Structures are given as C-alpha cells and as structure tokens.
Amino acid sequence: MDMQTSFLDRLFDAGLLIDTGVDGLYGRSGQFEEVIAAFERLIDKVGGADGAEAMRFPPGMNRAFFEQSGYMKSFPQLAGTVHSFCGSELDHMSLLKCMEVGEEDWTKDQQATDIVLTPAACYPLYPTVARRGKISAKGALYDLQSYCFRHEPSKDPARQQLFRMREYVCMGTEQHVTDFRQSWMDRGVEMMKAVGLDVTIDVANDPFFGRAGKMMVNNQRDQNLKFELLIPITSTSNPTACMSFNYHQDSFGTKWGLNLEDGSVAHTACVGFGLERIALALFHTHGLDVNEWPENVRATLWG
Ligand code: ATP
Ligand code: ZN
Ligand code: MG
C-alpha cells in the first residue's frame, strides 16, 4: 500500500498524472499522452497488416445494449450509469434548495438516461456488427479504442475509474479466433520486450459478482478463457495486467445473434491493451523522465 501511494505521489509530483481529488480519476500531462500515442503507433505497426476495420465509439453506450449484454448480472459493482435532471421548474427550485442545505443527496431524483458508461471497449461493437447481417466465412476483425469506466476507486495509479482500452476483436470459427488470440499473446510479449518491459503471461479471471460468480470464475479459469500479460508496476510480487486475451467461445455470438455465412454461430475473442497501465509500466521501469529512457526503448517508440 505504501509503495502504491508513493508511486502515485511521484507521478503527481512529476506532473504526469494530475490529481482531481477523486481516487482513480486523473488528468494526464502532454508527456504522459505522448507515451500513449507512441505505444498506440507501435500497436498500429504490429496489427496494421491484418486489415482490421477501425471504429471509435464514445465512452458512453446505448443503455439497452448494456442491459442486453448481461453486465449487471456479472459485474454490478463496476457499472456506471448516466443520470440527468429531467424535472420541472418547481423540481429545479427544490433541487437547488437541496444542494444549498446539503443534508440530503441532491442526485436522488436524477433520472436514468439512455446512456451508460462503456465498461470495455468492445461492448458497443457486438450489437453494431449483429445489425449488419452475416459475418464473412473468412471471419471479421475490428480495431477499437475507448475510454472505459469501472467503479473501482483505488490509490493504485494502475487501477483507474476512467481509463483507455485499445482492443482488437475477432469473430469467426473457433479455430480462427483462438489462433487470433494466440498470435496476439506472442505479439504482446514481443512488443513489451521491445520496450524493455519485464513480462509474464498467466491464466486469469474476471471479478464475477457474488456467490454465483464463483462458479463463473472457476469455469473461466478451468477452460483457459482469459489470459493476462502481467508487468510489475506497483508491486513486483503482484504484477499488473497490462493486456488481456479473452476467448468468449460462442457465448457473445449466441447472445447477440452473430452468425457466419454458413449459418453457424460465430465464436469471438478480444485482445485488450490497458493504455494507461502500459504507460505507467514504462514510467515505473525506465523512470519518470522520458529523456532518460534507454536509447533502444526510445527508438522503438519514437523511431
Ligand atoms: P484487473 O484484473 O487488474 O482488474 P481486468 O481483468 O479487470 O484487470 P480487463 O477487464 O481484461 O481487465 O480489461 C482489459 C485491460 O484493461 C486490462 O488488461 C488492463 O490493462 C486494463 N484495465 C482494466 N481495469 C483497469 C483499471 N481499473 N484501470 C486501468 N486499466 C485497467
Ligand atoms: Zn473485449
Ligand atoms: Mg478488473
């Protein structure tokens, strides 16, 4: 805990992260953004020849699609919804009174909008692709990046509430998407090595909520559905997931009605880069001054 606090404080002191008064909600300096931009160019270089279709969604998604995704069944503790004032002038007066007095929670009458905060970059993609009709027999590949929200406030600078995820999502046969996932596990390790980061890969699970969630966790681990690429950031003994590699079998295909040309249900997999975490791993490993980073690392990132 001490280590975490001090790395966060050092990042604040160096101006790389900007304190907002909320744990896990930070501004980023130009230098910090430069590192993320450079790493994204590296991702483009490595993944560019695959012909992925790029799409960029805003950090909020259609609430109906979010409901259909089942996110509230699995991760209710992480979700964020967008609520707004929808009242009359009279309601407005009592709202202002309530805020002035400060005894009651002024947000209690806010109404849910049609928007929820995006929990992972790939969530808006599945219904979008489903609406287009059948997927080519050759499979389909998408390139995504989004700010994502997760309600997990922490002093660990690597656990933020609003952070960016770059993803590639593959849809096709089981063989096609598992090959895709394996190739990105190999590429991920190579990329991290090329920027001087110390990596391991391990099986992982998502934080499924509650007692029923335990079964989901066991199933996910037993079937090797999720792997993470880990890099030390706030602890060497407990390194941080900077990439994840998820195989959904045909569960998203079934849920969203994603079908291949031959009528079979598509299998899907997604590979996610945690962009802030990768930048933090670089600053942790090579120091807070980019000019002092090893020459080969700078060359890989900035040519
Ligand atoms: P963790 O086990 O650390 O909570 P996760 O399994 O929840 O990570 P994923 O849901 O697979 O992570 O998200 C994809 C990637 O997004 C992760 O590999 C990580 O790099 C990044 N990420 C996830 N949660 C956060 C967060 N709170 N802050 C910053 N980056 C995150
Ligand atoms: Zn995903
Ligand atoms: Mg998590």
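Quantities reported herein were computed from a predicted structural model and do not represent experimental measurements. (Residues numbered from 1 in each chain as written. Chains lettered and ligands numbered in written order. Predicted model: local features only at pLDDT ≥ 70, side-chain atom pairs only at ≥ 80, totals over all residues. Heavy atoms only, no water.)

1. Points about the environment of Ala137
Here Ala137 shows up in the loop between helix H6 (125-132) and strand S7 (140-149). It is 9.6 Å that separates the C-alpha atoms of Ala137 and Asn259, two residues lying 122 residues apart in sequence. (Helix = DSSP H or I, 4+ residues; strand = E, 2+ residues; numbered from the N terminus.)

2. Things to note about a nonpolar patch on the surface
Judged by side-chain polarity, Leu96, Met99 and Trp106 come together as a nonpolar surface patch covering roughly 290 Å² of accessible area. Within the secondary structure, Leu96 is located in helix H5 (residues 89-101). (Patch = residues over 30% accessible without salt bridge, like charges linked within 9 Å, V, L, I, M, F, W, Y side chains within 5 Å. Areas by Shrake-Rupley, 256 points an atom, 1.4 Å probe, with all protein chains shown as cover. Salt bridge = Lys/Arg side-chain N within 4 Å of Asp/Glu carboxyl O.)

3. Here's the deal with the sheet that holds strand S4 (residues 60-62)
What holds strands together in a sheet is hydrogen bonding between their backbones, with the strands either parallel or antiparallel. With antiparallel pairing, 3 strands are arranged side by side in an open sheet as S4-S6-S5. This sheet does not close on itself; its edge strands, each paired only once, are S4 and strand S5 (81-84). Sheet twist, expressed as the average angle between the axes of neighbouring strands with direction ignored, equals 50 degrees. Two strands pair when backbone bridges link them, and S4 and strand S6 (residues 111-117) are joined in this way by 3 bridges, in the antiparallel orientation. Residue pairing for S6: Asn62 is matched across the bridge by Ile115. (Pairing = 2+ DSSP bridges. Axes fitted to C-alpha atoms, helices over the stretch in contact; angles between N-to-C directions.)

4. Describing the domain arrangement of the chain
The figure often quoted for interface size is the accessible area lost as the parts come together. According to the domain assignment, the chain contains domain 1 (3-80 + 119-302) and domain 2 (83-116). On a C-alpha basis, the centres of domain 1 and domain 2 stand 35 Å from each other. With 7 residues of domain 1 in contact, the opposing surface of domain 2 contributes 5 residues. Across the interface of domain 1 and domain 2, roughly 470 Å² is buried in total on both sides, 55% from carbon and sulfur atoms. Looking at the side of domain 1 facing domain 2, the largest losses of area belong to Met61, Arg63 and Gly80, adding up to 74% of the total buried there. Taken together, the connections running from domain 1 to domain 2 amount to 0 salt bridges. One can count 3 residue pairs in polar contact (both at pLDDT 80 or more) joining domain 1 with domain 2. (Domains from an automatic or database assignment. Contact = heavy atoms within 4.5 Å. Buried area = accessible area lost by both parts, 1.4 Å probe. Polar contact = N/O pair within 3.5 Å; in protein donor to acceptor, adjacent residues only side chain to side chain.)

5. Considering helix H7 (residues 174-194)
Helix length check: H7, at 21 residues, gives a terminal C-alpha distance of 30 Å against a target of 30 Å (1.5 Å per residue), a fit within 8%. Where H7 is concerned, the buried positions are Val177, Phe180, Arg181, Trp184, Met185, Gly188, Val189, Met191 and Met192. Each buried residue of H7 lies within a common arc of 165 degrees when the element is viewed along its axis, so the set occupies one face. When the buried face of H7 is taken as reference, the exposed residues oriented beyond 90 degrees from it are Gln175 and Lys193. Two residues or fewer after H7 comes Gly196, characterised by a positive phi angle close to 75 degrees. (Expected span 1.5 Å × (residues − 1). Buried < 20%, exposed > 50% of the residue type's maximum accessible area, 1.4 Å probe, protein only. Arc of directions from axis to C-beta.)

6. Examining the site of ligand 1
The immediate surroundings of ligand 1 are formed by 15 residues, with Arg150, Glu152, Gln160, Lys226 and Ser244 found nearest. With respect to ligand 1, the side chain of Glu228 contributes an N or O atom lying 3.0 Å from an oxygen atom. Within the contact set of ligand 1, an oxygen atom lies 3.3 Å away from a backbone nitrogen or oxygen of Cys242. Protein contact buries 90% of the 580 Å² of open area that ligand 1 shows by itself. (Near = heavy atom within 4 Å.)

7. Observations concerning the layout of surface pockets
Taken as a whole, the second largest pocket encloses approximately 160 Å³ of empty space. Residue lining of the second largest pocket: 13 residues in total, with Phe85, Asp91, Ser94, Leu95 and Asp109 positioned closest to the centre. By residue number, the principal contributor to the lining of the second largest pocket is H5, which donates 4 residues. Taken together, the residues that form the lining of the second largest pocket break down as 5 nonpolar, 4 polar and 4 charged. (1 Å grid on protein atoms, 1.4 Å probe; cavity = no way out; pocket = protein on both sides within 12 Å on 5 of 7 lines; lining within 4 Å. Points joined across faces, edges and corners; volume = space filled by probe spheres on them. Nonpolar A, V, L, I, M, F, W, Y, C, P; charged D, E, K, R; others polar.)

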